[in-house]
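Observations on chain architecture
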Amino acid sequence: MQFSEILGHTLIVDNLRKMVDSGRIPHAVLFTERPGCGALTLALAAIQYLFCTDRKEGDSCGRCHPCNKVEKLIHPDLHFTFPTNTSVLVGKDKKSEIDDFYPLWRQAVLSDPYFNEQQLYKTLGIENKFGIISVSEASSIIRKLSLSSYEGGPKVMLIMFPERMNTEAANKLLKSLEEPQPDTYYFMISHNPGKILATILSRCRIIETGPIEESRLADALSARFGLQKEDAAFWARCSGGSYGKAVEMIEEGNENNDKYITFVTILESAVKKDLVSLFEIWEKVAGWGKEDQKSLCIEALEILRKTYMLGLGLDDISYTPRGEREKLKELSGKIRKDFYMKGYGFLNSAIEHIERNVNPKFIFCDLCNRIYYNV
Ligand SMILES: [Zn+2]
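Residues numbered from 1 in each chain as written. Predicted model: local features only at pLDDT ≥ 70, side-chain atom pairs only at ≥ 80, totals over all residues. Heavy atoms only, no water.

Under perfect tetrahedral coordination by four donors, a metal shows angles of 109.5 degrees; under perfect octahedral coordination by six donors, it shows angles of 90 or 180 degrees. Looking at the metal site, the zinc ion is ligated by Cys52 (SG), Cys61 (SG), Cys64 (SG) and Cys67 (SG), spaced 2.3 to 2.4 Å from it. Angles of 105 to 116 degrees at the metal separate the four donor atoms of the zinc ion, which places the site in the tetrahedral class. The exposure class of cysteine 61 is buried, given its relative accessible area of 9%. Residue cysteine 64 is classed as buried on the basis of its relative accessible area, which comes to 12%. (Donors = N, O, S within 2.8 Å, 3.2 Å for Na, K, Ca; no water. Tetrahedral: all angles 85-135°; square planar, octahedral: opposite > 155°, others 65-115°. Buried < 20%, exposed > 50% of the residue type's maximum accessible area, 1.4 Å probe, protein only.)

The next subject is the packing of helix α14 (residues 290-311) against helix α15 (residues 322-332). Between α14 and α15, the shortest axis-to-axis distance is 8 Å and the interhelical angle comes to 75 degrees. Judged by the angle between their axes, α14 and α15 are roughly perpendicular. The segment α14 lies against α15, with Ile303, Lys306, Thr307, Leu310 and Gly311 engaging Glu324, Arg325, Leu328, Lys329, Leu331 and Ser332. Residue composition of the contact of α14 with α15, by class: four nonpolar, three polar and four charged. (Axes fitted to C-alpha atoms, helices over the stretch in contact; angles between N-to-C directions. Helix = DSSP H or I, 4+ residues; strand = E, 2+ residues; numbered from the N terminus. Parallel < 35°, antiparallel > 145°, perpendicular 65-115°, else oblique. Contact = heavy atoms within 4.5 Å. Nonpolar A, V, L, I, M, F, W, Y, C, P; charged D, E, K, R; others polar.)

Our focus in this paragraph is the environment of alanine 108. Along the polypeptide, alanine 108 turns up in helix α4 (residues 102-111). A sequence separation of 14 residues divides alanine 108 from lysine 122, and the C-alpha atoms of the two residues are 9.3 Å apart. Ignoring anything within four residues of it in the chain, the contact list for alanine 108 reads Pro113, Phe115, Leu120 and Thr123.

What follows covers the pattern of salt bridges. Taken as a whole and assessed by the stated rule, the structure comprises 22 salt bridges. Here glutamate 251 ties to arginine 224 by a salt bridge, and the two come within 3.4 Å at their closest N and O atoms. Of this pair, glutamate 251 sits in helix α11 (residues 243-252) while arginine 224 sits in helix α9 (residues 214-225), placing them 27 residues apart in sequence. When the shortest N-O distance is used, the salt bridge between glutamate 355 and lysine 294 registers 2.9 Å. Of this pair, glutamate 355 sits in helix α16 (residues 339-355) while lysine 294 sits in helix α14, and the two are 61 residues apart along the sequence. Salt bridges linked by common partners bring Glu117, Arg164, Lys195, Lys294 and Glu355 together as one network. (Salt bridge = Lys/Arg side-chain N within 4 Å of Asp/Glu carboxyl O.)

Below, the structure written as structure tokens:
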């Protein structure tokens, strides 16, 4: 990945370039972002620039030996750590090591570096569980970085979703962060920095990767999907500057999106006081994987926001795709005005319970019940 391939983020690119040029790279850099805003692409471009032996005009050359290896994610001094769990695609019978996941990890990054956590888990074959970075993984990070550099240059560890380290693992890693070794760097990418230990955060240079500039994002979407200018601009706005989210919305088409349909059906059934239909839905959702359940709740928060705004007549700034407008507008006429705030509360506590591994049957039975009585 070269700087020239990055979508937007000109200021961050300038800063990364200066950091490498001046030789003053922080020992640990943490990129934070809402999923899909390109933090991983920034980290990979900075790493390639760092390894490149023939930098030109403020960018890596893309042709030298190290560039080639970083681009294919096979540079021996570039290591990766990411959350894993037991996987249907990797060594079913034994406990898998992170290295066993490398081919799938490469596939995920090379095909779409804008992935969200759920999409990564799907590629790794662990989609029904949350991934974890365990203490043995933290030890292996430290071991890998303690080896001398294969190619005589810098050593880099890229950690995706460090928020998935448990406390024991985080404490182990902290020791390594506190004792920096020469020419050894950590690059981390988090979608949920609030869950990272404060002592780790305080050791990192934090780079907040905001939304991608709307016009730049619209151009990229238009090039990829052959969209008209107006449509591309619409999706860029709807996605809140996330390339990953925009692609997901365009590819799925929200009218066919399972989660969209599921939550709209929950609202409709609650409005109609149709308990049988609600019962069927919560039974179905309780059988889904955790990440899918969580993303249902996140989609539901979005649906509530859109419905609320449509109800106020704020159609243009509700960023609701054309295919959803009529249905949500109709629903907004049937939902009690005081339901929205309560609904947000119900959904956020459902998300919290999913994260805490509460039995999903209880979570969704409770959620549907509350919606039924309050809508
Ligand atoms: Zn190069």
